[in-house]
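# Residue-level structure breakdown
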Amino acid sequence: MNIKNILNIIKNSDNVKLLSMFRKYSVKFVKANNHLWFLSRVRKEGVTPKFVKIYTKSTSRSAQKAIEAAKKIWIEEERKSWFAKRDNISEVKYLIQRELHGRFSHKEEEYKDYSRHVAEINEFVNKTGHRQYVNQKKKLETLVQNQVVNNTLPVITSQLLSLNITGVVEKSQADRFPIYDIRHDFYPRFKNLSSLYFTPAEEEVLNLGFKHAFESKMGDSDLLDLTA
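An account of the accompanying structure is given in this report. (Residues numbered from 1 in each chain as written. Predicted model: local features only at pLDDT ≥ 70, side-chain atom pairs only at ≥ 80, totals over all residues. Heavy atoms only, no water.)

## A look at helix α2 (residues 15-45)
Between its first and last C-alpha, α2 extends 45 Å over 31 residues, near the 45 Å set by a 1.5 Å rise per residue. Between the side-chain oxygen of the N-cap and the backbone nitrogen of Val-16 there are 3.3 Å, and the N-cap of α2 in question is Asp-14. At the C-terminal side of α2, Gly-46 shows a positive phi close to 75 degrees. (Helix = DSSP H or I, 4+ residues; strand = E, 2+ residues; numbered from the N terminus. Expected span 1.5 Å × (residues − 1). Polar contact = N/O pair within 3.5 Å; in protein donor to acceptor, adjacent residues only side chain to side chain.)

This is the structure:
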């Protein structure tokens, strides 16, 4: 925003145009405030607005986590951008209002007329802002409701990942392989990426995870024999 250019425009504008500009920037300001409110509520509720669109073909847990992290970063950057926009709008609005006040404050009758115009503008801005707030609130409620529905959906075949094949299990193959729910993948499970086939018993051992250790039956005397 070039303040010098804006000041020139304000100085060279007549009263009618200035009042129109004041109305325009007042509406912009309240809309920016409403959008910032929406973004803050979205972040608090942990939902993703529709304008945030990030996709990946990968079905891995790490890819999904990366997507969720990227969405949060997007929303945070959007908030920062709108805070800057709102500040710029506020500054221009202040400059316009100061110029108007300076032009009309010298004569009582003109100032009364100016005050009436400002009151009408403020009433219009309040109504416009309230309508937008109601719409934003409805959008937020819809996002929250959709999230609740998605979190309570039953497990479907496409959300199940085989321990013995790579990728998502097809519905026709669901009974052929041991499967687990990737929505509850708290640690990396065993995945066979080779062409070898593991028996269920072998898979059970491998699927215990990285921290599993077999119980040792060796005693102190056995250890001493090894070091002798």
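## A word on the packing of aromatic side chains
How two aromatic rings sit relative to each other is given by the distance of their centres and the angle of their planes. In this structure the tally under the stated criterion is three aromatic pairs. Here the basic side chain of Arg-23 rests over the ring of Phe-124, its NZ or CZ set 3.8 Å away from the ring centre. The ring of Tyr-25 carries the charged tip of Lys-28 above its face, separated from the ring centre by 5.0 Å. (Phe/Tyr/Trp six-rings, centres within 6.5 Å; stacked < 30°, edge-to-face > 60°. Lys NZ or Arg CZ within 6 Å of the ring centre and 35° of its normal.)

## Here's the deal with the nonpolar core
In this structure, Ile-10, Leu-18, Phe-22, Ile-96, Leu-100 and Tyr-114 are the most contacted members of the largest nonpolar core, which totals 20 residues. For this core, the secondary structure elements donating two or more residues are α1 (3-11), α2, α3 (61-104) and α4 (108-151). The greatest single-element share of this core, amounting to eight residues, is contributed by α2. With near-sequence residues (within four places) excluded, Tyr-114 lies in contact with Leu-19, Gln-97, Leu-100, His-101 and Phe-104. Grouped together as the second largest cluster of nonpolar side chains are eight residues, Leu-39, Val-47, Val-52 and Ile-75 included. (Core = buried A, V, L, I, M, F, W, Y, C linked by side-chain atoms within 4.5 Å. Buried < 20%, exposed > 50% of the residue type's maximum accessible area, 1.4 Å probe, protein only. Contact = heavy atoms within 4.5 Å.)

## Details of the packing of α2 against α3
The interhelical angle for the contact between α2 and α3, taken along N-to-C directions, is 155 degrees, at an axis separation of 8 Å. In this view, α2 runs roughly antiparallel relative to α3, as classed from their interaxial angle. The interaxial crossing formed by α2 with α3 has left-handed handedness. The class makeup of the residues in the contact of α2 with α3 is 18 nonpolar, seven polar and nine charged. (Axes fitted to C-alpha atoms, helices over the stretch in contact; angles between N-to-C directions. Parallel < 35°, antiparallel > 145°, perpendicular 65-115°, else oblique. Left-handed = near helix turned anticlockwise from the far one by under 90°. Nonpolar A, V, L, I, M, F, W, Y, C, P; charged D, E, K, R; others polar.)

## Comments concerning the side chain of Ser-26
You can see Ser-26 is positioned in helix α2. Residue Ser-26 is classed as buried on the basis of its relative accessible area of 3%. Contact partners of Ser-26, with chain neighbours within four places excluded, come to Lys-93 and Val-125.

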